[in-house]
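# Coordinate inspection notes
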Amino acid sequence: QVQLVESGGGLVQAGGSLRLSCAASGFYFGVYNMNWYRRAPGKEGELRDLVATIDHGGVTTTYADSVKGRFTISRDNVKNILYLQMNDLKPEDSAIYYCNVVIQGQNKWGPGTQVTVSS
């Protein structure tokens with residue numbers, strides 16, 4: 001059974017940093033590309049926005065334009081953990097952040113972790 005559990009969210013002032021973690025289990029973590037998504041407050045009925053992706057080996061990463069240069073995605077294939085280092089946070093980064101993997105064409109999601117950035 002696939003499980004993704006995010007942690008590390010919280011309340012931070014603008015300009016601050018947070019590191020999110022996603023503990024993965026129930027699948028061969030090291031063979032799948034992994035993703036971070038987010039959904040801003042008040043947008044519960046909308047699709048999540050892709051924030052960052054990382055390939056299975058941790059070599060190739062991609063970022064949304066809005067977070068380039070501030071966020072870094074990484075992974076530990078021994079511990080089966082996905083990370084998102086977020087620096088220079090802005091109020092518009094406030095959202096619930098979700099870890100994601102696509103397995104056999106199906107999206108798997110964690111429950112998310114809330115990030116709130118105060119101005």
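These lines cover the structure that appears in this document, whether it is placed above or below. What you see is a predicted model, and the numbers here were worked out from it, not measured in a lab. (Residues numbered from 1 in each chain as written. Predicted model: local features only at pLDDT ≥ 70, side-chain atom pairs only at ≥ 80, totals over all residues. Heavy atoms only, no water.)

Moving on to the sheet that holds strand E8 (residues 81-86). Here 4 strands make up an open sheet; going across it, the order is E1-E3-E8-E7 and the pairing antiparallel. Each having just a single partner strand, strand E1 (3-7) and strand E7 (71-76) make up the two edges of the open sheet. Looking at each pair of strands side by side, their axes are set apart by 15° on average, direction ignored. In this structure, E7 lies alongside E8, joined through 6 bridges in antiparallel fashion. Bridging from a neighbouring strand, Thr72 pairs with Gln85 of E8. (Pairing = 2+ DSSP bridges. Helix = DSSP H or I, 4+ residues; strand = E, 2+ residues; numbered from the N terminus. Axes fitted to C-alpha atoms, helices over the stretch in contact; angles between N-to-C directions.)

Within the secondary structure, Glu6 sits in strand E1. A distance of 2.8 Å separates the side chain of Glu6 from the backbone nitrogen of Cys99, its partner in a polar contact. Reaching out from Glu6, the side chain makes a polar contact with the backbone nitrogen of Gly112 at a distance of 2.8 Å. Sequence-distant contacts of Glu6, defined by excluding residues within four places in its chain, comprise Ser21, Cys22, Trp36, Tyr97, Tyr98, Cys99, Gly110, Pro111, Gly112 and Thr113. (Polar contact = N/O pair within 3.5 Å; in protein donor to acceptor, adjacent residues only side chain to side chain. Contact = heavy atoms within 4.5 Å.)

What follows deals with the packing of aromatic side chains. Geometrically, a pair of aromatic rings is defined through the distance of the ring centres and the angle of the planes. All told, the structure shown has 4 aromatic pairs when counted by the stated rule. With 5.0 Å between their ring centres and 70° between their planes, Tyr37 and Trp109 make a pair best called edge-to-face. Here the residue Tyr37 occupies a position in strand E4 (residues 34-39), and Trp109 occupies one in strand E10 (residues 106-109), the gap between them amounting to 72 residues. Taking the relative accessible area as the measure of exposure, Tyr37 reaches 18% and is therefore buried. Pairwise contacts between aromatic rings join Phe27, Phe29 and Tyr32 into one cluster. The side chain of Arg48 reaches across the aromatic face of Tyr98, ending 4.2 Å from its centre. Geometry around Phe29 places Arg75 over its ring, the cationic atom sitting 4.3 Å from the centre. (Phe/Tyr/Trp six-rings, centres within 6.5 Å; stacked < 30°, edge-to-face > 60°. Buried < 20%, exposed > 50% of the residue type's maximum accessible area, 1.4 Å probe, protein only. Lys NZ or Arg CZ within 6 Å of the ring centre and 35° of its normal.)

A separate point is the nonpolar core. Core analysis: the largest hydrophobic core is formed by 27 residues, its most contacted members being Met34, Trp36, Leu82, Leu84, Met86 and Tyr97. Counting residues per element, the ones that place at least two in this core are strand E3 (18-25), E4, strand E5 (49-54), E7, E8, strand E9 (95-103) and strand E11 (113-118). Counting residues per element, this core draws most heavily on E9, at 5 residues. Once you skip the residues sitting within four places of it in the chain, Leu82 turns out to touch Leu20, Ser21, Cys22, Phe29, Met34, Asn35, Trp36, Ile54, Ile73, Ser74, Arg75 and Cys99. (Core = buried A, V, L, I, M, F, W, Y, C linked by side-chain atoms within 4.5 Å.)

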